[in-house]
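Topology and contacts: notes
Here's the letter readout for the chains.
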Amino acid sequence: MTALLIFLGLVLQNHANLEIRFSVLINWLSSVDYAITKLDSNTEILICIFALYIAKCQLPIPMSFLMMISGVVFPMTQAIVINIVFTSFFFTVKYFEGSFIGGGWTGMILGIKKLKFLKEWIEFKGTGNPYVLFVSRLVPSIPPGMVSKYYGSMKYDFIYYICLSILGFSPRIYMYTTIGNAIFNPFSARFITMLIIVVAFTGISVFAFNIFFGIKSKQMNQTLLIYSEKEKYRIVL
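Small disclaimer: the values here were computed from a predicted structure and weren't measured.

1. A few points about the overall build of the chain
- Counting its regular elements, the chain contains 12 helices and 0 strands.
- Secondary structure of the chain in N-to-C order comes out as α-α-α-α-α-α-α-α-α-α-α-α.
- Here the chain holds 237 residues, and the buried ones make up 36% of them.
- A separation of at least 24 residues holds for 76% of the contacts in the chain among residues at least 6 apart in sequence.
- Surface accessibility of the chain: about 13,900 Å² in total, with carbon and sulfur atoms responsible for 71%.

2. Notes on unusual backbone geometry
- The phi angle at K155 is positive, at roughly 60°, despite the residue not being glycine.
- Mapped onto the fold, K155 is located in the loop between α10 (144-153) and α11 (158-181).
- According to the relative accessible area criterion, K155 is exposed, its value standing at 56%.

3. Here's the deal with the nonpolar core
- In terms of nonpolar packing, the biggest core is built from 39 residues, with Y151 and Y161 touching the most fellow members.
- Those elements that place two or more of their residues in this core are α4 (42-56), α5 (63-73), α6 (76-101), α9 (130-138), α10, α11 and α12 (189-236).
- Y161 has contacts with F91, Y95, L133, R137, S148, Y151 and Y156, leaving out every residue within four places of it along the chain.

4. Comments concerning the packing of α6 against α11
- Contact geometry of α6 with α11 gives a least axis separation of 9 Å together with a crossing angle of 140°. Comparing the axis directions of α6 and α11 gives the class oblique. Two packed elements cross with a definite hand, and for α6 against α11 that hand is right-handed. Residue-level inspection shows M76, A79, I80, N83, I84, T87, S88, F91, T92, Y95 and F96 of α6 in contact with α11, the latter providing F158, Y161, I162, S165, I166, F169, I173, Y174, T177, T178 and N181.

5. Here's the deal with the side chain of E97
- Here E97 lies in helix α6.
- In contact with E97, other than residues within four places in its own chain, are C57, Q58, G102 and K149.

6. Digging into the environment of I142
- Of note, I142 is situated in the loop between α9 and α10.
- Each C-alpha atom of the pair I142 and V206 lies 8.9 Å from the other, and the pair is 64 residues apart in sequence.

Definitions and limits used
Residues numbered from 1 in each chain as written. Predicted model: local features only at pLDDT ≥ 70, side-chain atom pairs only at ≥ 80, totals over all residues. Heavy atoms only, no water. Helix = DSSP H or I, 4+ residues; strand = E, 2+ residues; numbered from the N terminus. Buried < 20%, exposed > 50% of the residue type's maximum accessible area, 1.4 Å probe, protein only. Contact = heavy atoms within 4.5 Å. Areas by Shrake-Rupley, 256 points an atom, 1.4 Å probe, with all protein chains shown as cover. Core = buried A, V, L, I, M, F, W, Y, C linked by side-chain atoms within 4.5 Å. Axes fitted to C-alpha atoms, helices over the stretch in contact; angles between N-to-C directions. Parallel < 35°, antiparallel > 145°, perpendicular 65-115°, else oblique. Left-handed = near helix turned anticlockwise from the far one by under 90°.

This is the structure in structure tokens:
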């Protein structure tokens, strides 16, 4: 992450020279952008994007890719609204999928004995932890579909679920939509700045999550060790 941020910082510092050097590529991308804005079939494009979100419900298509497509085709404000609506649709489908067939892989993973503390923390006495839901939407390394299915299996309140999910996912919606909107000039200060923010946001959030998980796992292991020692002496006595 540090190496990539340094590289992007150097690119940002020299973006004006890079724009001149790659002017042919930028002019070609600008012509593509102009051609897209002149399309009269926005409805068909919208249907195609929606079809990709439907496919995302069962296929491992990156959410970032889908959100960037909207930013490429539509103006910034419209693209954000489209991504919010279609992302809400995806969260809704996975929620009800979990409510009918269970938590899936998430339930199996959290069933591991060493992750018992994490399961109890997420379930929050069986009602679902709203803070975990919000944070899980912020951390890019946590699959949104798995979280959605697990909260659906717990019958978590649907309105709170959608509101917290969109609220936690909104920084990523904005960042990826902006990248898609600025992709026709990959050497512009706006595009490079958004890449720096995405890399830093991803790296820091994953790093913080790993630290938290490591601390909780260590605490749980110590608790299990103390408990096992007490049981051993109880059997001897």
